[in-house]
Each structure stands twice: as C-alpha cells, then as structure tokens.
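Structure at a glance
This is what each chain is made of:
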Amino acid sequence: MTAGWRDDGMARGPARLLTADTLWPLAVLACLFAFVATCPIRPQDFWWHLKVGQEIVQTHRIPQVDTFSYTMPGAPYPSYNVYWLADVALYRIHALGGPALSLFAHALLITGTYLLLCLVCLRLAGNARMATAALVAAAALGFENWNLRPQALSLLLFTLTLGLVYAFRTGARTSRWRLAAFPALMLLWVNCHGSFALQIVMLAVWLVETVWERCRIGPRSRREVWAPAVALVLSAGAMLLNPQGAGIFAYLGEMAANPAVRQLQEWAPASLATRDGIAFWVLAPLGLVLLLWAGRARSGLFHWLMLIAFGLLAWRTGRAIVWFGLVVAPIIAELLPRVLERRGPCRAAHDALPPGERVVLAVLMLCFATLMVVSLPWFKDRLPFPAQKAGLISAETPVAATSFLLQHHLPPQVFHSADDGSYLIWAATPQVRVFADPRIELYPARVWDAYHALSRGDAGWQRTLDAYGVNTLLLSRRQQPGLVAAAAASADWQQVYADSTSVIYVRRGTRP
C-alpha cells in the first residue's frame, strides 16, 4: 500500500503547485461547483424537508405523525426521526438566506465531498492526472444524485469515513484517538439520512480484510485487528443514539421491504436508459478489470469486497450508483498507476516551468476561480441560462399556481402531482392539505393506485375524486396530461388558472 506521496515534487512549496497537473483537479472541481450552484431547486424532496425543519425549530420536538395530507392524517411516519437534524439544518440555512444561500451551501457541500475524494485519490495515486481521472469517474456516477436534499450531507459523511479508512489502511499518521471520528460521523449520519448503515458496511469490510491479512501473513503482518474492530463497535453503539433507538433496525427493514418505494424509478436496478446507469455499466467492468490486472497481491481483499458490495447495491438500485462512484474512485486511483507501471514508469511532470508557462497556468486557474464566482446563485438572474436551468427554483415548481390557489381561496380538497405536493406542504399548509407527496412510504398501495389512475384520467376518475371529496385540481401539464385533458372535456370542471407548467380546475358550483 502507498504510505505517502509518490510525487515528492508536489509538496515542495507554492512554486511546485503551479503545474499543469495541478490545473486538472482544479478544473474539474470548479466545473462541478458551477454545475451544482446553477442547478435550480427541484420540487420533489427539498420543500417538505424544509417544512419539517421549520416545525422542529418552532415546536422543539420531532413530529411523529402526518399532519400534511388528507389521505393519511395522523398516520405514523418514523422517517421524521431519521432526517430531523438535516431538516433543521436545511431550514436554518433557508431562513437565513433563502433559496440562494441554500443553493450556495449545497454547492459547497457537494464540491467539498469531491474535493475530499480527490485528496484521497491523490494520496493513493501520487499523480494528479490519475487522481483527476478517478474524480471524473466518481462525478459521472454521482451527478444524477446531486439534488438539494438530506442525502447530500450523507455523501460528505460517507467520503469522510472512506478517507479515514484509507488513512488507517495505508499507514498514514493516524493515532488511536482518531478512531473516535468514526462514531462521531455515525452520530451525525444516523440523525440525517437513512444511508447511515453504509458506514457499518465499510468498517466491516475493513475488519474482514484485516483479519484475513493477519491469518494469511501471520505475526509479520502490520495490520492491527483492534483498529477496525474498535471503530466498528463504537460506530454500532453510536448508531443507537437516535430518536428511535434500537427501533432504527426495524425502520431499515420496513423501508427495504416497502413495495411503494421499490416501485420508484430511482430505486429500480441500474439501467442503460439512464445516464448514471450507462456510466455504471461502463465503469463497473473497468474496476473489475483493474482488480484482475493488478493481481490479488497488489489489489487486496478490501478493494474486491468494496467493489462487489457496492457494485451489487448499485446494480440492485440505481439510487446507490452515487455510492459506487465514491467507492470505485480510490480503486481506480490506486490500481491504475500500478497497471500502467507494467508498461513503463508513470510519472507526473513536476519540473519547474518557464515563467511564461507559469503565467499561462496562473491565468487559467484565475479563469476557473472566476467561473466559480460568476456561477454563485446571487448572480444567476444576470446570466442567459436555458429554461431548465433558469431561476433559483425550477420552472416545474408550481410557485405561481400555488400563490393563485391561496389568494383566491379555492375550495378543498386539492388533487395534484406527487412532486408538487412537496412544494404545497411548504407553501400552502395548513390552508391546503395534500393528496400525496414524495414521502412515498407514508401512503399505502390503495392511495398510490388511485393517484396513478387519476393522473392518467382513467375511466371513473370523477367517481374517485368524489370519494376523496376533491373540489380543486392543481395539475402538472408534464406529469398528468391525461387528467388535464379529461378535466378540460368535462362539463363539471371549470379552468380558472393556467401557465406553462400548471393548470387549475375547480368543480363547478363549489367556488365561494
């Protein structure tokens, strides 16, 4: 294993940092920041988490039941106990600076995650270009999961855990007291997002590899079993420090078995029909080839187990492709230089550059820094973005339609798209209750069956609306074209509002 920097020239002062190799990771990270900072807030998850954070801050307690819908009022919703800390953070940031500060903080979080990953890869590869190649691979596998939601914080916690594991494995200067970082990370993670169990997977893989090396090599092995064992025990104990206590295990089981969750497209197996799915089916075989080419003695059991465990997870559900990207990047960074060394030395060019070339590099670095500044959310309204990137809040969010709904006191109940339900929870409760929203596991199959049948405008749609007492339709043109057409053709419904995203119909005879 690599114990330190292979490229000693990279650590010899500021002059040595001004190289073409240094420009590669800076360019990728600057572009990554600009991409995330200019992505508007999507309607699906952010808004209902924001509302829950507001309730926690104002009431000083975590809600336990649903108070936002009229289809499942009072139903237990244990997921509040898992997201509560992230929800409070989201609300505090939004209350301080609105959508612009929320997007800025999110861009810093995502960029910081991949900066840490780049540093891990750079230490393993000893070569900035190899580390950058690994970083690009991780970004290609992750960009579909960079939406503003609590999962973003878990990406940082995952990368911090991964970096600590590699630091211990490669013999870096890590004292035993740094083992306390693992339960500290778990304490944050278990109160922010349901992916916290991935830390236990990483630590278990590290322990299995260490035990295997001790058994294979014997006392000559420098691997200390106590380090991963202590980290695993402490983290498992910290996992219980959440509002549900040991009930967190039952929660994980229920989420994994929930049929409504499993039917979501983002939880479907990795597919060539999605961009991150294509990246997965390209890079997963590449990781396997690197492991085989490097040989068992050089690749190590840790790499094999991590690639298999997270590869199978990503294959089973596309939502996990982002985790596979974070795992495969260090594997590429460590093994690719070793494979290339078989064909000749693979060295980074770090000799001193002529003054003219240093000026060119400095100008390029300044350009990338300028890109990051220009892409800040506060400057977004001055730039010519396409429609899908314009604004701080995405055009698909029914901001104007919701304002019209509230200003004209349209009659309840309201039927709408599930994605729009998230924004309605934030902007319209308690005046308006939702039919369904992205809290997928809250609603049973009968509600989702009715929702999909209504959205398609299936036969009997008016009887279903009658059964739920629906008097107002706030419909998404993109997601519910069937019901839009059916309501337009019905004499029982009157259109009262329309824009490029939404259309509102009211049942005739019910307007105040």
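Before any of the text, the structure's been laid out above.
Please read these numbers as outputs of a predicted model, since none were measured by experiment.

Here is what the cut-offs are and how they apply
Residues numbered from 1 in each chain as written. Predicted model: local features only at pLDDT ≥ 70, side-chain atom pairs only at ≥ 80, totals over all residues. Heavy atoms only, no water. Helix = DSSP H or I, 4+ residues; strand = E, 2+ residues; numbered from the N terminus. Buried < 20%, exposed > 50% of the residue type's maximum accessible area, 1.4 Å probe, protein only. Contact = heavy atoms within 4.5 Å. Areas by Shrake-Rupley, 256 points an atom, 1.4 Å probe, with all protein chains shown as cover. Phe/Tyr/Trp six-rings, centres within 6.5 Å; stacked < 30°, edge-to-face > 60°. Pairing = 2+ DSSP bridges. Axes fitted to C-alpha atoms, helices over the stretch in contact; angles between N-to-C directions. Lys, Arg positive; Asp, Glu negative; His and termini not counted. Salt bridge = Lys/Arg side-chain N within 4 Å of Asp/Glu carboxyl O. Polar contact = N/O pair within 3.5 Å; in protein donor to acceptor, adjacent residues only side chain to side chain. Expected span 1.5 Å × (residues − 1). Bend = angle between axes of the 7 residues up to and from the residue. Parallel < 35°, antiparallel > 145°, perpendicular 65-115°, else oblique. Left-handed = near helix turned anticlockwise from the far one by under 90°. Disulfide = S-S within 2.5 Å. Nonpolar A, V, L, I, M, F, W, Y, C, P; charged D, E, K, R; others polar.

A few words on the overall build of the protein. Scanning the protein for helices and strands turns up 20 helices and 4 strands. The 512 residues of the protein split such that 53% are buried. Long-range contacts, defined as pairs at least 24 residues apart, comprise 74% of the intrachain contacts of the protein with a sequence gap of at least 6. Accessible surface, the protein: about 22600 Å² in total, of which carbon and sulfur atoms supply 64%.

The subject of this paragraph is the packing of aromatic side chains. Per the stated rule, a full pass over the model turns up 27 aromatic pairs. Ring centres 5.5 Å apart and planes at 40° place the aromatic pair phenylalanine 168 and tryptophan 206 in the tilted group. Here phenylalanine 168 is found in helix H6 (residues 151–169), whereas its partner tryptophan 206 is found in helix H8 (residues 197–217), with 38 residues between them in sequence. For phenylalanine 168, a relative accessible area of 15% gives the class buried. The class for tryptophan 206 is buried, based on a relative accessible area of 4%.

Here we take up the pairing of strand S4 (residues 502–507). Where burial is concerned, most of S4 is hidden: 6 out of the 6 residues are buried. Along S4, one buried face is formed by Ser502, Ile504 and Val506 and the opposite face, lined by Val503, Tyr505 and Arg507, is buried too. Where strand S2 (residues 472–476) lies against S4, 5 bridges are found, and the strand directions are antiparallel. Looking across to S4, one finds that leucine 473 is bridged to tyrosine 505. With 5 bridges connecting them, strand S3 (residues 493–498) and S4 associate as antiparallel partners. Its bridge partner being in S4, tyrosine 497 is matched across the sheet by isoleucine 504. Connecting the antiparallel pair S3 and S4 is a turn made up of 3 residues.

In spatial order, the strands read S1-S2-S4-S3; together these 4 strands make up an open sheet with mixed pairing. In this open sheet, the two edge strands, each paired with only one partner strand, are strand S1 (414–416) and S3. Direction aside, neighbouring strands of the sheet carry axes that sit 20° apart on average. Contacts from helix H20 (residues 481–489) reach S1, S2, S3 and S4 within the one sheet, and its direction differs from that of S2 by about 135°.

Next up on the list: the side chain of aspartate 276. Take aspartate 276: it is sitting in helix H12 (residues 275–294). The side chain of aspartate 276 sits in the buried core without any salt bridge; arginine 275 is the nearest counter-charge, 7.0 Å away. A polar contact of 3.0 Å, which involves the side chain of aspartate 276, links it to the side chain of threonine 274. When sequence neighbours within four positions are dropped, the list of residues in contact with aspartate 276 reads Ala140, Leu141, Glu144, Asn145, Gly318 and Ile321.

Our focus in this paragraph is helix H4 (residues 80–125). In a regular helix each residue adds 1.5 Å, so 46 residues correspond to 68 Å; H4 covers only 41 Å between its end C-alpha atoms and thus falls short of that length. Where H4 bends most, the angle comes to about 125°, and this point is glycine 98, followed within four residues by the proline proline 99. Glycine 126 sits one or two positions beyond H4 and adopts a positive phi of about 65°.

Below, the discussion takes up the pattern of salt bridges. Scanning the model with the defined rule gives 9 salt bridges in all. Where arginine 439 meets aspartate 437, a salt bridge forms, and the shortest distance between an N and an O atom there is 2.8 Å. No difference in accessibility class separates arginine 439 from aspartate 437, as the two residues are buried. A salt bridge links aspartate 458 to arginine 456, with the shortest nitrogen-to-oxygen separation between them at 2.8 Å. Through salt bridges with shared partners, a single network forms among Arg42, Glu396 and Arg478.

Within the secondary structure, threonine 402 is located in helix H16 (residues 399–407). Its relative accessible area of 1% is what places threonine 402 among the buried residues. Taking the C-alpha atoms as reference points, threonine 402 and alanine 428, separated by 26 residues in sequence, lie 7.1 Å from one another. Other than its neighbours up to four places away in sequence, threonine 402 contacts Tyr423, Leu424, Ala427, Ala428 and Leu474.

For helix H2 (residues 20–37), which comprises 18 residues, the first-to-last C-alpha distance of 26 Å matches the rise-based estimate of 26 Å (1.5 Å per residue) to within 8%. Three or more residues of H2 are buried, namely Asp21, Leu23, Pro25, Ala27, Val28, Leu29, Ala30, Leu32, Phe33, Ala34, Val36 and Ala37.

All right, on to the packing of H6 against helix H7 (residues 181–189) then. Contact pair H6 / H7: the axes reach a minimum separation of 10 Å and the direction vectors enclose 165°. Relative to H7, the element H6 lies roughly antiparallel. Remark: the crossing between H6 and H7 carries left-handed chirality. Across the interface between the two elements, Ser154, Leu157, Phe158, Leu160, Thr161, Leu164, Val165 and Phe168 of H6 pack against Ala181, Phe182, Leu185, Leu188 and Trp189 of H7.

Turning our attention to the state of the cysteines. This model, assessed by the stated rule, comprises 0 disulfides. No disulfide involves cysteine 121; its nearest neighbouring cysteine sulfur is the one of cysteine 118, lying 6.7 Å away.

Before going further, it helps to examine the packing of H2 against H4. At a minimum axis distance of 8 Å, the contact between H2 and H4 shows a crossing angle of 155°. Between H2 and H4, the interaxial angle falls into the category roughly antiparallel. The two elements H2 and H4 meet at a crossing, and its hand is right-handed. Contact residues: H2 offers Pro25, Leu29, Leu32, Phe33, Val36 and Ala37, while H4 offers Leu103, Phe104, His106, Ala107, Leu108, Ile110, Thr111, Tyr114, Leu115 and Cys118. When the residues that make up the contact of H2 with H4 are grouped by side-chain class, the tally is 14 nonpolar, 2 polar and no charged.

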